[in-house]
Amino acid sequence: MTNMKNKSLFTFLLFCLFTFSPVFAQRIMTLEECVAAARKDNTTAKDARNDILMAKEQRRLARSKYFPTLSASAFHFRSSDYLAKIFILDQDDVNSMNQELETDFTMDDFSIGLIKRGSSAGLTLIEPVYTGGRISNYNKLAGLQVDARNLQQEVAEDQIVMDTEFLYYKILELHETDKTLDAIEKELENIHQDAINVWENGIVNKNDVLSVELAQDQLSALRVKARNGRNLLRRALAKHIGMPDEDIDVDTTLNKEIIAPERLLVNTQTAVENRSETRLLDLLVEKSVLERKIALADMLPVLAVGATASYSKFTSNVWNSRMMGFVGVQMPLSSIWSERHEYKRKKIEEQKSKDFRQDKRELISLQIQDAYDNLESTYKQVLIAEKSIKRAEENLRINREHYREGLTTMTVLLDAQRQQQQALTQHTSAVSEYLQAKTRYLILTGRRDYQR
């Protein structure tokens, strides 16, 4: 009786376990969803956003230099002796008195101590009036830094998009490969049945049957390899888009819409101007100009106005208040001949940044042309792959009929089947490469709002 109760309890616990335990379903994501997630949660994207926030704080810091500086101070002291004394008699009077009265007085016996302890507190306000352009140029420099970080975020996002599409389409390729292997598996089953029929009729020996079975084993091994690769890529994609703990897979609908490259072609020079990298190069030149101006300002005088207010007690028990305004000029005399070398160095850096910009603009132009050439190449590969599929399927059909009629060998038939498999796989790969090449060309020509 006790055993029956234990079994019933165990059955009930199993029922609860499988009924109420959470089920983690695999999440199917489209390319647009993967790109959106990567832009939001990819580590590089997060770093770029944090860099922008840091640059904005730096700009706020630079703006604060326009405002006056206010400082407060307070101190209290106590000395072992008076800091100042008032002498009632001078030394000659003390000497005369000592001679007449036969005494032994000193100067300290006829002095009054003034300051032995004291307290003070105050505020000082200083407003720079002229700094040679340091503050204004530092503010412009901080503003350029914010603009540069925003452009760097765009560049980072563009690379994230291309990396996401690479992983996405590689997974999709393996999905398509799995579908192709399914079709090839059915084809091999038909060939295997044909081989058995021909062998049973005594037309060929059993080697043909064994050859087909060997091809089927190779196909099974290829399927295992493809699935392992797909699982690894799925985990890599999940990590890349900021979802490492989720089981994700891609939408297996392959967009096979092929657009002729000439429909996407734009003027290369216009594309260069639209690139975020080109605008970054312009900011680099502006930065060098501002740094040269700041180096010049280090040799110029600084004019400031200010005021102080203090509250102190030294010689009596009465607190005294005092206010004072001032104007100050600081001339960095030694900097006139020392900082001029820094100024000359900044001038050379400015010219160097201009030369660097010109060189990189030319490289960007070559990069855009290379991207278009690659787009044309992948487009032609897709067209070639489409023709190859038709020819491989027709070749397989003819060889199957010939084999059934005893006009060809199993080796030739299996070779035709492998050609069909290769043609299907190459077409999937060509479409994937074309779609990635299209995205790369659109991004490299400054069309970041491209339509997939």
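Up top you'll find the structure we're talking about.
Residues numbered from 1 in each chain as written. Predicted model: local features only at pLDDT ≥ 70, side-chain atom pairs only at ≥ 80, totals over all residues. Heavy atoms only, no water.

Engineer: Would you mind going over the overall build of the protein in detail, with residue names and values included?
Structural biologist: Secondary structure assignment for the protein yields ten helices and eight strands. Counting the 452 residues in the protein, one finds 35% classified as buried. Across the protein, contacts joining residues at least 24 apart in sequence account for 83% of those joining residues at least 6 apart. (Helix = DSSP H or I, 4+ residues; strand = E, 2+ residues; numbered from the N terminus. Buried < 20%, exposed > 50% of the residue type's maximum accessible area, 1.4 Å probe, protein only. Contact = heavy atoms within 4.5 Å.)

Engineer: For the nonpolar core, give the residues involved together with the corresponding values.
Structural biologist: Counting 42 residues, the largest nonpolar core has L237 and I241 as the members making the most contacts within it. Broken down by secondary-structure element, the contributors of at least two residues to this core are α2 (31-41), α5 (134-200), α6 (207-240), β6 (248-250), α7 (268-274), α9 (333-404) and α10 (410-444). Among the elements that make up this core, the one with the highest residue count is α10 (nine residues). When near neighbours in sequence (up to four residues on either side) are disregarded, I241 contacts M29, C34, A37, A38, D41, N42, T164 and I248. Formed by 21 residues, the second largest nonpolar core is a distinct cluster that contains L181, V212, I389 and M410. (Core = buried A, V, L, I, M, F, W, Y, C linked by side-chain atoms within 4.5 Å.)

Engineer: Tell me what's going on with the sheet that holds strand β8 (residues 320-330), and back it up with residues and numbers.
Structural biologist: Ordered by their spatial adjacency, four strands build an open sheet running β2-β5-β7-β8, and the pairing between neighbours is antiparallel. Of all the strands in the sheet, the pair left with one neighbour each is β2 (69-78) and β8. Taking the axes of each pair of neighbouring strands and ignoring which way they run, one obtains an average angle of 20 degrees across the sheet. The pairing of strand β5 (residues 117-130) with strand β7 (residues 302-313) spans eleven bridges and is classified as antiparallel. Paired with I126 across the strands is G306, a residue of β7. (Pairing = 2+ DSSP bridges. Axes fitted to C-alpha atoms, helices over the stretch in contact; angles between N-to-C directions.)

Engineer: Describe the packing of α2 against helix α3 (residues 43-63), naming the residues involved and giving the relevant values.
Structural biologist: Relative to each other, α2 and α3 sit at 45 degrees, their axes nearing to 5 Å. By the angle between their axes, α2 is oblique relative to α3. In this structure, α2 contributes A38, R39, K40 and D41 to the contact, and α3 contributes T43, A45, K46 and R49. The residue makeup of the contact of α2 with α3, split by class, is two nonpolar, one polar and five charged. (Parallel < 35°, antiparallel > 145°, perpendicular 65-115°, else oblique. Nonpolar A, V, L, I, M, F, W, Y, C, P; charged D, E, K, R; others polar.)

Engineer: Describe α6, and please don't skip the residues or the numbers.
Structural biologist: Spanning 34 residues, α6 covers 49 Å between terminal C-alpha atoms, matching the ideal 50 Å at 1.5 Å per step. Among all positions of α6, only D208, V209, V212, A215, L219, R223, A226, R230, R234, L237, A238 and H240 are buried. Where α6 is buried, its residues contact α2, α5, β6, α9 and α10. Backbone geometry just downstream of α6 places G242 in the positive-phi region, at approximately 80 degrees. (Expected span 1.5 Å × (residues − 1).)

Engineer: Could you give me a rundown of the packing of aromatic side chains, with the residues and numbers involved?
Structural biologist: A full pass over the atoms with the stated rule returns three aromatic pairs. Relative to Y441, the ring of Y372 lies with its centre 5.4 Å away and its plane at 55 degrees, an arrangement referred to as tilted. On the criterion of sequence distance, the pair formed by Y372 in helix α9 and Y441 in helix α10 is long-range, its members being 69 residues apart. Overall, the relative accessible area of 1% leaves Y441 in the buried class. With a centroid separation of 6.2 Å and an interplanar angle of 50 degrees, the aromatic rings of Y379 and Y434 are classed as tilted. Of this pair, Y379 sits in helix α9 while Y434 sits in helix α10; the two residues are 55 residues apart in sequence, bridging distant segments of the chain. With a relative accessible area of 0%, Y434 lands in the buried category. (Phe/Tyr/Trp six-rings, centres within 6.5 Å; stacked < 30°, edge-to-face > 60°.)

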